[in-house]
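Now for the letters of each chain:
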Amino acid sequence: MSMTTEEAPFAAVQAVIGTYFDGLHHADSIRLRQVFHPQAIYACASGGDWLYRDMETYFAVVDQRVSPASKGEARRDRIQSIDFAGPDTARAVVNCAIGDSYFTDFLTFVRQDGRWQILAKVFHSEPL
């Protein structure tokens, strides 16, 4: 069965999010490098503290994590929504848990050369 014109971009962004979730669950910066634009923004203001990281700093943090997968943690990730602002711009709201924290991520996507990538990750975290 072939996809409609509207379904193809949705499925492509959904696939990127799947790789993103896999990268987080396995603490795998190689997978995350596949989905983040090299100039992406990583930011959070949970708890009143401003956090900003460039991608290299973020990937180094991921590489130091003990992965949820290695600790046998159940996956608790889900896509709440995916919206499109045009043929090359999208936004997703997703949730996941890592350790004792539950995250709501606002992911902004751009498509360049036919490839969807996360250009911004702005998130909120709270204890489970």
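Look up: the structure comes first, before these words.
The present account deals with the structure reproduced in this document. In this text the structure is predicted, and so the values were computed from the model without any measurement.

### Details of the packing of aromatic side chains
Enumeration over the complete set of coordinates arrives at nine aromatic pairs. Members of the aromatic cluster, connected to one another through ring pairs, are Tyr 20, Phe 21, Phe 36, Tyr 42, Tyr 58, Phe 59, Phe 103 and Phe 123. A cation over an aromatic ring shows up here: Lys 121 above the ring of Phe 123, its NZ or CZ 5.2 Å from the ring centre.

### Examining the side chain of Ser 67
For Ser 67, the location among the structural elements is in the loop between α3 (55-64) and β3 (78-86). Judged by its relative accessible area of 11%, Ser 67 falls in the buried class. Once you skip the residues sitting within four places of it in the chain, Ser 67 turns out to touch His 25, His 26 and Ala 27.

### Here we look at a nonpolar patch on the surface
A contiguous nonpolar patch, built from Ile 41, Trp 50 and Tyr 52 and spanning about 370 Å² of accessible area, is present on the exposed surface. Summarising the element assignment, Trp 50 is placed in the loop between β1 (36-44) and β2 (51-53).

### What to know about the pairing of strand β4 (residues 89-98)
Judged by how many residues are buried, β4 sits mostly within the fold: eight of 10 residues are covered. Relative to β4, β3 is paired through seven bridges, and the arrangement is antiparallel. When the bridges of β4 are listed, Ile 79 appears paired with Val 94. In this structure, the hairpin formed by β3 and β4 is closed by a connection of two residues.

### Notes on empty space enclosed by the protein
For the structure shown, the criterion picks out one cavity of 30 Å³ or more. Of the volumes computed, that of the largest cavity is approximately 80 Å³. Taken together, Phe 21, Leu 24, His 25, Pro 68, Ala 74, Arg 75, Arg 76, Asp 77, Cys 96, Ala 97 and Ile 98 make up the lining of the largest cavity. Elements represented by at least two residues in the lining of the largest cavity include exactly α1 (7-25) and β4. Split by residue class, the lining of the largest cavity holds seven nonpolar, one polar and three charged.

Calculation criteria
Residues numbered from 1 in each chain as written. Predicted model: local features only at pLDDT ≥ 70, side-chain atom pairs only at ≥ 80, totals over all residues. Heavy atoms only, no water. Phe/Tyr/Trp six-rings, centres within 6.5 Å; stacked < 30°, edge-to-face > 60°. Lys NZ or Arg CZ within 6 Å of the ring centre and 35° of its normal. Helix = DSSP H or I, 4+ residues; strand = E, 2+ residues; numbered from the N terminus. Buried < 20%, exposed > 50% of the residue type's maximum accessible area, 1.4 Å probe, protein only. Contact = heavy atoms within 4.5 Å. Patch = residues over 30% accessible without salt bridge, like charges linked within 9 Å, V, L, I, M, F, W, Y side chains within 5 Å. Areas by Shrake-Rupley, 256 points an atom, 1.4 Å probe, with all protein chains shown as cover. Salt bridge = Lys/Arg side-chain N within 4 Å of Asp/Glu carboxyl O. Pairing = 2+ DSSP bridges. 1 Å grid on protein atoms, 1.4 Å probe; cavity = no way out; pocket = protein on both sides within 12 Å on 5 of 7 lines; lining within 4 Å. Points joined across faces, edges and corners; volume = space filled by probe spheres on them. Nonpolar A, V, L, I, M, F, W, Y, C, P; charged D, E, K, R; others polar.

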